[in-house]
Amino acid sequence: MVVVPAPTTGRTGPAPHPPPTRRPLRRRVGRSAGRPRDPTGPTVAVPDRPGATTFPALPADAFPNAGNAFRPAPPGNSRWCYRTGKPTGKRKRKSPRPRGSGSARRPCPEPGSARRDGPVVRGAGARFRAPLARRISDTTGGRRAIPWWRPVVAHHPKLGTSTTMAAASFISTTIPYVNARPHVGHALEFVQSDAFARYGAMSGRDVYFLSGSDENSLKNVLAADKEGISARELVDRNVVFFEKMVGDLEIDLTRFIRTSVDADHLEGAAEIWRRIAAAGDLYTKDYEGLYCVGCEQFYSPAELVDGKCPEHLVEPETISERNYFFRLSRYQERLLELLDSGELRVVPETRLNEVTSFVRAGLADISISRSMERARGWGIRVPEDPEQVMYVWIDALTNYINALGWTRGDEHYERFWENAEHRVHVVGKGVTRFHAVYWPAMLLSAGLPLPTEIVVHGYITASGQKLSKSLGNVVDPTDLINRFGTDAVRWFLLADVSPFGDADFSEERLVQRYNTDLANGLGNLLSRVTSMIVRYRDGAVPAPGPVERPEEELAAQLLESDRGMHAAMEGYDHREALAKVWDLVRRTNAYVDERAPWHLAKAGDEVSNAVLDTTLHHLAGSVRQIGRLLQPFLPRPAAAVLEALGSDPVKVPGADRWLDDLTGTPVSKAKALFPRIEVPAED
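Values in this document were obtained by computation on a predicted structure and should not be read as measured data.

Our next topic: the nonpolar core. Ranked by size, the top nonpolar core spans 103 residues in total, and within it L493, M565, L630 and F633 carry the most contacts. Broken down by element, the residue count for this core peaks at twelve residues, all from helix α14 (residues 507-537). Non-local contacts of L630, meaning those with residues more than four positions away in its chain, are made with W491, L522, L578, W582, P635 and A638. If you look at the next biggest cluster of nonpolar residues, it comprises 60 residues, including L335, L363, I366 and W439.

Another aspect to go through is the sheet that holds strand β17 (residues 381-382). Ordered by their spatial adjacency, three strands build an open sheet running β16-β18-β17, and the pairing between neighbours is antiparallel. Looking at the sheet topology across the chains shown, the edges are occupied by β16 (369-371) and β17. Note that β17 and strand β18 (residues 385-390) share two bridges and pair antiparallel. Along β18, the bridge assignment pairs V382 with D385.

As a further point, take helix α10 (residues 411-418). When you tally the buried positions in α10, you get eight out of eight residues, the bulk of the element. Among the residues making up α10, those that are buried are E411, H412, Y413, E414, R415, F416, W417 and E418. Sitting at the head of α10, D410 places a side-chain oxygen 2.7 Å from the backbone nitrogen of H412.

Once that is clear, we can look at the packing of aromatic side chains. Here the structure, examined in full by the defined rule, presents 14 aromatic pairs. Judged by centre distance (6.2 Å) and plane angle (80°), the ring pair of Y514 and F674 falls under edge-to-face. Note that Y514 is positioned in helix α14 and F674 in the segment after α19 (635-644), a separation of 160 residues in sequence. In terms of burial, Y514 and F674 fall into one category: buried. Linked through ring pairs, F170, Y208, F416 and W417 together constitute an aromatic cluster. Above the face of the F241 ring, R181 is positioned so that its terminal group lies 3.8 Å from the ring centre.

Along the polypeptide, E315 turns up in the loop between β12 (297-299) and β13 (317-326). Exposure remark for E315: the relative accessible area of 61% places this residue in the exposed category. Between the C-alpha atoms of E315 and L290, which are 25 residues apart in sequence, the distance is 8.7 Å.

Parameters and conventions
Residues numbered from 1 in each chain as written. Predicted model: local features only at pLDDT ≥ 70, side-chain atom pairs only at ≥ 80, totals over all residues. Heavy atoms only, no water. Core = buried A, V, L, I, M, F, W, Y, C linked by side-chain atoms within 4.5 Å. Buried < 20%, exposed > 50% of the residue type's maximum accessible area, 1.4 Å probe, protein only. Helix = DSSP H or I, 4+ residues; strand = E, 2+ residues; numbered from the N terminus. Contact = heavy atoms within 4.5 Å. Pairing = 2+ DSSP bridges. Polar contact = N/O pair within 3.5 Å; in protein donor to acceptor, adjacent residues only side chain to side chain. Phe/Tyr/Trp six-rings, centres within 6.5 Å; stacked < 30°, edge-to-face > 60°. Lys NZ or Arg CZ within 6 Å of the ring centre and 35° of its normal.

In structure tokens form, the structure reads like this:
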């Protein structure tokens, strides 16, 4: 176990001058980002702690470019406008909302007070890196972490660079069982979530992107028994395959949490249990039901299909034992209010309707523990009851806040959960009920903020049947990556697979989309444009000449593609977003053919040279925008596109300024970015 001193804004020693009289800073709580306290305020002593970090008092000009991030509270009952920096006037007070809604206001500590006074404990299994927006915005080119309460350099595609505090967003995948190797369905969820996280960072948000492994399930124990090894040996071996998939797919996680060994998770799950018990929402009773080990879920007879689990097509076991139950029924009306008001948003609407119908039909209390005997001694013990372990879903769901260190008062929990603008879970349709009903009810009971969005994707199927380790029809993503490359796999999952519905997988379709869209489309375009600039203008983008109809049409398409891509991603539709980007790729290729730069260069007269300059200038601008828009989806190729055009990925202007700073930019001939995939002919 590694003990790391907690970051603190407390400071010791006398102030360099009498501190100014200031009102306590107000902090926006709930779905808004919190405002850090003023670093130039008065100093206070921090309680002595071994290894504690203290900061000296800072001069008033310590952060000359901090914008509005460190302003004191405005006069009266008002707030600062983050755009103008001026007080906005009186603020309407709302009636307090029920506990756990994430919108209750609480006073901020006095300026300069110590935020935390305990050590940060990072347990075994924790894998931590600084949140995405902070890493990509490090102007030194490194990937170092910086304290969240320091000003963040955020780059917005239209607003440019700002050093004010970026709005915080949290996004997570579900944590997969590690009873076997990953399949391409897991890859879909990881790639989708990665695109959403990268898009948020590109849009100027400070993003915390979480995933991990669900290691406490009974199916892990049964899989280990079949192999004649312990459950510990099985999960330690198989989690490596998931971590490798994350790396191979270029998934840029902030943290990967392991639920069987992570100290934050073990303590957090127990604390949630205690809070639910303290709220009077736990009781014990004898229970008998139909249980599918593959789903780790009880089913009613009406939910079965021909007497079998609808997911795994096997007959569930009849289980009878004494368990703890959670009073889910107590939260039916509150959940309906949250769903109907949009405070808890489920995407797409069809899934929202399913969840709402399920809740409205009446919620029954659910079993949330298992006997130690049936769990084979594997799992997180129920506090104060050594004969029971937590039901795996109750344990697993808590990972989302446990990873943020909520039980030890970590600033990441405050910023990326309590005060986050978005708290998003990306989940498969088979686990919607757990995330949109059970998890919010647990948080309501525990008095903690709820997620804001549940984004539900469909399944990747084979001949219409769900890919499943239990069914034995899995497609190994590592094998696909080894044979076709990371770009081909990411492209297929994001450009071809529906973000919300089921999609049938075939290698032929993957190869076709890659060759058509990337090799023949973008790859060919980049090669043509960079080659012509190098050949005709010695590798420097020329100043433009007169603009005519073809340039106006290209500009119109660029603006339309930019708006469409952003609108689609705000709605979590990655396939539609890429369709909009590819409208620009096709229009740019058509512009090349329409202007025919090779004919203009051959003509050599003054008019032709002016038109050639205009053409090459606009081509460079359009391809640069394509590289910018591709960053959330194909990060490595997008960086290569921008590098060939001599552009810094974090400084590319938005679509409304797409031709800014182009003239004179050095351009190098691009290497083959997307080599064609040749599939051997069958005998």
